[in-house]
Amino acid sequence: SLLNGIVAGVLLWLLSRTLAGIYFGDQADRGVVIIRICAVSLPFAVSRRVLVKSIVAFQKIGYRVAVNEFTGPLIRLTLTAALLGAGMAAEGAILAYVASELVCWAALLWLLQKKVHPLFGSGGGGFNFKPFVIYCLPLVLSGLVMQVMNYIDAFMAGYFLDTEQVGIFAAAARLAPLAALGTELLNPPILSI
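This write-up is about the structure you can find in this document. Values in this document were obtained by computation on a predicted structure and should not be read as measured data.

1. What about the overall build of the protein chain?
Each helix and strand counted, the protein chain has eight helices and zero strands in total. Walking the protein chain from its N terminus toward its C terminus, one meets helices and strands in the order α-α-α-α-α-α-α-α. For the protein chain, the proportion of its 193 residues judged to be buried stands at 20%. For the protein chain, contacts bridging at least 24 residues in sequence account for 62% of all contacts bridging at least 6.

Okay, structure coming up:
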């Protein structure tokens, strides 16, 4: 996943000027900066999700909660406020996101290596990749289908609606899960039990 994130990040970096011209219009130079900052975060964002799932697989839910639900949001909130206060607009928010991704990625990697199961060095033994790949391939394919199903509405809204309607749709789509907030708060303790 880290390698995939690096490849995607490099591609996004190389296409940043074209994408900024398409999506940012007269603010294209500023858009290039924002897209390139996002490109730097891709390897960490992608592989962090795998690290989180690894922590959950070893049933160390407390580590997941500490990093994902506490540390990451706290860093994002603190840095965003500081960078916005320093006069950075969208770039500040994006930089705060990248910093939190990097810190969470490093924390999860450290926790897996030192507290859960060594990824590097001794303790791993001879790992047989064939059964692992055979087991994971259907999961990867179903995950790809789920990603398409989860985000197809956003793609369609972006294609068929104007900018204002897309903004309203995005706000409504983000607010709708608040209805399930109670059950989401109970997930970490229930999963650990």
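Let's pick the thread back up.
2. Observations concerning the packing of aromatic side chains
Scanning the entire structure with this criterion turns up two aromatic pairs. For the ring pair Phe44 and Trp105, a centre distance of 5.0 Å and an interplane angle of 70 degrees mean the geometry is edge-to-face. Residue Phe44 is located in helix 3 (residues 28–57), and its partner Trp105 is located in helix 5 (residues 90–116); the two are separated by 61 residues in the primary sequence. Judged by its relative accessible area of 18%, Trp105 falls in the buried class. The interplanar angle of 90 degrees and the centroid separation of 4.9 Å between the aromatic rings of Tyr159 and Phe160 together place this pair among those described as edge-to-face. Assigned by exposure class, Tyr159 and Phe160 land together as exposed.

3. Description of the layout of surface pockets
Each pocket or cavity is described by its volume, and for the second largest pocket that value is around 400 Å³. Along its surface, the second largest pocket is lined by 13 residues, and Tyr151, Asp153, Ala154, Phe169 and Arg174 are the ones closest to its centre. Among the residues forming the lining of the second largest pocket, the class breakdown is nine nonpolar, two polar and two charged.

Rules of the game
- Residues numbered from 1 in each chain as written.
- Predicted model: local features only at pLDDT ≥ 70, side-chain atom pairs only at ≥ 80, totals over all residues.
- Heavy atoms only, no water.
- Helix = DSSP H or I, 4+ residues; strand = E, 2+ residues; numbered from the N terminus.
- Buried < 20%, exposed > 50% of the residue type's maximum accessible area, 1.4 Å probe, protein only.
- Contact = heavy atoms within 4.5 Å.
- Phe/Tyr/Trp six-rings, centres within 6.5 Å; stacked < 30°, edge-to-face > 60°.
- 1 Å grid on protein atoms, 1.4 Å probe; cavity = no way out; pocket = protein on both sides within 12 Å on 5 of 7 lines; lining within 4 Å.
- Points joined across faces, edges and corners; volume = space filled by probe spheres on them.
- Nonpolar A, V, L, I, M, F, W, Y, C, P; charged D, E, K, R; others polar.

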